[in-house]
Amino acid sequence: MGAGDLATAGFAASKLGYAILWAIVVGAAVKFMLTEGLARWQLATGATLIEGVRHRLGPIPIALFLLYLVAWCYFVGVALVKASGVATQALLPLPFELGTSSESAGPLVYGAACSILGLAVAWLGGFRWFERVMGVCIAVMFLTTIISAIAVRPDWSAVATGLLVPRIPEGGTNWTIALMGGVGGTVTVLAYGYWIRQVDGERERGIGLMRLDLAVGYVATAVFGIAVAILAVGVPTEGAGVRLITGLADRLGEAIGPGLRALFLVGVWAAIVSSLIGVW
């Protein structure tokens, strides 16, 4: 979980309110079933999904997927570099401007630095460093978001209704589908099979432990998505995703104080940087 969950849950809830909380739970459940099936295939055959497709269907599907993957990595990577720069600038503003422009150089400098950090972790640190850095970032992101959602004192009866009574507000079908698809990753579900190989040998771990691992992960993903949605209800999000982050932070600052605003921005930074490392 990371920036994708933050964006999709935030935008959907800002437009549709508490009514679509159930879709977050459904989306996480679907991703659990999908990832569990892919991992079960790998434990049974010793091959990842991509290797299985190559072996059984030939090179053409892999070539098409490669074209999609390169484009996905490029555009998602660009968006995450920009977002990481904005999030870091919000936490630690750089005062100097960019050339003759009045625009701050902070997002550009910080975005480049975060991208280099992601490259160093993925390339030089190997899986162990990747796992540790991602674990810390996700823990920070998860805890700060949950604390923030509780602190704004939402209408808990409306939250319960949104979770237990599935409905789609008028005109909200596209956002609801996007929410179910975006929560819990998209292309990144393919990475789980490769992580299995990095941890003590894939056949030694067993299906039971794999299912427990995924269950814990996707329950946490659903809780995180619900917390983000609670924070985003009633926050205007016209324009770019950066405005969503700013709006949520400002709402927390007004409701609770600058301390919670800073805490939430730390969580946002961790969410975006962990996603940037993941794409690397």
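Whatever comes next refers back to the structure up there.
Each chain has its residues counted from 1, following the order in which its sequence is written. Per-residue local features of the predicted model are confined to residues with pLDDT of at least 70, and side-chain atom pairs are confined, for both listing and counting, to 80 or more; whole-chain, interface and lining totals are unaffected and use all residues. By convention in this description, side-chain values take in all heavy atoms of the structure and omit both hydrogens and water.

*Asks:* Can you walk me through the overall build of the protein chain in this structure?
*Replies:* Secondary structure summary: the protein chain contains 13 helices and zero strands in total. Ordered by position from N to C terminus, the α and β elements of the protein chain give α-α-α-α-α-α-α-α-α-α-α-α-α. Over its C-alpha atoms the protein chain spans a radius of gyration of 20 Å, differing by no more than 12% from the 19 Å that the globule rule assigns to 280 residues. Expressed as lengths along the three principal axes of its C-alpha atoms, the size of the protein chain is roughly 55 × 50 × 35 Å. Burial status follows relative accessibility: with a 1.4 Å probe on protein chains alone, a residue under 20% of its type maximum counts as buried, one over 50% as exposed, and anything between as partly exposed. Counting only residues that meet the buried cut, the protein chain has 42% of its 280 residues in that class. Whether two residues are in contact is decided by their heavy atoms: any pair within 4.5 Å suffices. When contacts within the protein chain are restricted to residue pairs at least 6 apart in sequence, those whose partners lie at least 24 apart make up 79%. To measure how exposed things are, a 1.4 Å probe is used in the Shrake-Rupley method; for residues, cover is taken only from the protein chains shown. Summed over its atoms, the accessible surface of the protein chain is roughly 14300 Å², and 69% of this surface lies on carbon and sulfur atoms. Helix numbers and strand numbers start at the N terminus; a helix is a DSSP run of H or I with at least 4 residues, a strand a run of E with at least 2. Each radius of gyration is computed over the set of C-alpha atoms, and the globule rule expresses the reference value as 2.2 Å times the number of residues to the power 0.38.

*Asks:* Looking at this model, I keep getting lost on the side chain of S148. Mind explaining?
*Replies:* Its location among the elements puts S148 in helix α6 (residues 126–151). Residue S148 is classed as buried on the basis of its relative accessible area, which comes to 0%. In this structure the side chain of S148 is engaged in a polar contact, spanning 2.7 Å, whose partner is the backbone oxygen of T144. Setting aside residues up to four positions removed in sequence, S148 forms contacts with L231, L252, L260 and F264. In the analysis that follows, any N or O atom pair within 3.5 Å is treated as a polar contact, provided that within protein one partner can donate a hydrogen and the other can accept it, and provided that, for residues neighboring in sequence, both atoms belong to side chains.

*Asks:* I keep staring at a nonpolar patch on the surface and nothing clicks. Help me out?
*Replies:* Nonpolar side chains collect at one region of the surface, where V26, V30 and M33 lie side by side and expose about 250 Å² of accessible area between them. Within the secondary structure, M33 is located in helix α2 (residues 21–45). Taking relative accessible area as the criterion, M33 reaches 54% and is therefore assigned exposed. To count toward a patch, a residue needs a relative accessible area over 30% and no salt bridge; like charges are then connected within 9 Å, while nonpolar side chains (Val, Leu, Ile, Met, Phe, Trp, Tyr) are connected within 5 Å. Take a side-chain nitrogen of Lys or Arg and a carboxyl oxygen of Asp or Glu: if they are within 4 Å of each other, that pair is a salt bridge.

*Asks:* When you look at helix α8 (residues 173–182) in this model, what are you seeing that I'm missing?
*Replies:* Since there are 3.6 residues in each turn of an α-helix, residues three or four apart along the chain are aligned in direction. Listing the buried residues of α8 in full gives T176, L179 and G182. The buried residues of α8 occupy an angular sector of 140° when the element is viewed end-on, so they sit on one face. Opposite the buried face of α8, at more than 90 degrees from it, the exposed residues are N174 and I177. Buried residues along α8 sit against α1 (3–16) and α2. Of the residues trailing α8, G184 is marked for its positive phi of about 90°. Each C-beta atom gives one direction from the helix axis, and the arc is the one those directions make.

*Asks:* Sorry, what's going on with the packing of aromatic side chains here?
*Replies:* Geometry of an aromatic ring pair is reported as the spacing of the ring centres plus the angle between the planes. Two aromatic rings from Phe, Tyr or Trp, using only the six-membered ring of Trp, form a pair when their centres are within 6.5 Å; if the ring planes differ by under 30 degrees the pair is stacked, by over 60 it is edge-to-face, and anything between is tilted. Under the criterion given, the structure shown has three aromatic pairs. Ring plane angle 40° and centroid distance 6.2 Å describe the contact between F127 and F130, whose orientation is recorded as tilted. In this pair, F127 and F130 both sit in helix α6, three residues apart, roughly one turn of the helix. For F127, a relative accessible area of 17% gives the class buried. In this structure F130 comes out as buried when scored by relative accessible area, which is 13%. An aromatic cluster is built from F127, F130 and W195, whose rings are joined through pairwise contacts. Any Lys NZ or Arg CZ that is within 6 Å of a ring centre and within 35 degrees of that ring's normal is treated as a charge sitting over the ring. Between R132 and the ring centre of W129, over which it is positioned, the NZ or CZ distance is 6.0 Å.

*Asks:* Hey, could you run me through the nonpolar core in this one?
*Replies:* Across soluble globular proteins, nonpolar side chains have a tendency to be buried as a group. For this analysis, a nonpolar core means a set of buried residues of the types Ala, Val, Leu, Ile, Met, Phe, Trp, Tyr and Cys, connected via side-chain atoms within 4.5 Å. Core analysis: the biggest nonpolar cluster contains 54 residues, and L21, I24, L179, I230, L231, F264 and I272 have the highest contact counts within it. Only α1, α2, α4 (59–91), α5 (106–123), α6, α11 (207–232), α12 (241–255) and α13 (258–279) provide two or more residues apiece to this core. V189, Y192, M210 and L214 belong to the second largest nonpolar core, which has nine residues in total.

*Asks:* How should the state of the cysteines be read in this particular structure?
*Replies:* Covalently bonding the sulfur atom of one cysteine to the sulfur atom of another cysteine gives a disulfide. In this description, a disulfide is simply a cysteine sulfur pair whose atoms lie within 2.5 Å. Considering all chains together, one arrives at zero disulfides under this definition. A disulfide-free cysteine, C73 has its sulfur positioned 18 Å from the sulfur of C114, the nearest such atom. Here C137 stays free of any disulfide, with the sulfur of C114 as its closest cysteine sulfur at 9.7 Å.

*Asks:* It is not clear to me how the pattern of salt bridges should be interpreted in this structure. Could you clarify?
*Replies:* A side chain with one charge can pair with a side chain of the opposite charge if their charged atoms come near. Enumeration over the complete set of coordinates arrives at four salt bridges. Notably, a salt bridge pairs R40 with E36, separated by 2.9 Å at the nearest N-O pair. One end of the pair, R40, and the other, E36, are both in helix α2, four residues apart, so they sit about a helical turn from each other. You can call E36 buried: its relative accessible area is 7%. Linked by salt bridges that have partners in common, E36, R40 and R211 make up one network.

*Asks:* Where do I start with the packing of helix α3 (residues 49–57) against α4 in this structure?
*Replies:* Between two packed helices, what matters for the description is the angle formed by their axes and the separation of those axes. Packing of α3 against α4 leaves a shortest axis separation of 7 Å and a crossing angle of 140°. With respect to α4, the element α3 is oriented oblique. Together, I50, V53, R54 and L57 of α3 and P59, P61, I62 and F65 of α4 make up the contact between the two elements. Classifying every residue of the contact of α3 with α4 by side-chain character gives seven nonpolar, no polar and one charged. Note on geometry: axes are C-alpha line fits, over the in-contact stretch for helices, and angles between N-to-C directions span 0 to 180 degrees. With respect to orientation, any angle under 35 degrees is reported as roughly parallel, any angle over 145 as roughly antiparallel, any angle of 65 to 115 as roughly perpendicular, and every other angle as oblique. For this classification, the nonpolar set comprises Ala, Val, Leu, Ile, Met, Phe, Trp, Tyr, Cys and Pro, the charged set comprises Asp, Glu, Lys and Arg, and every other residue, Gly included, is treated as polar.

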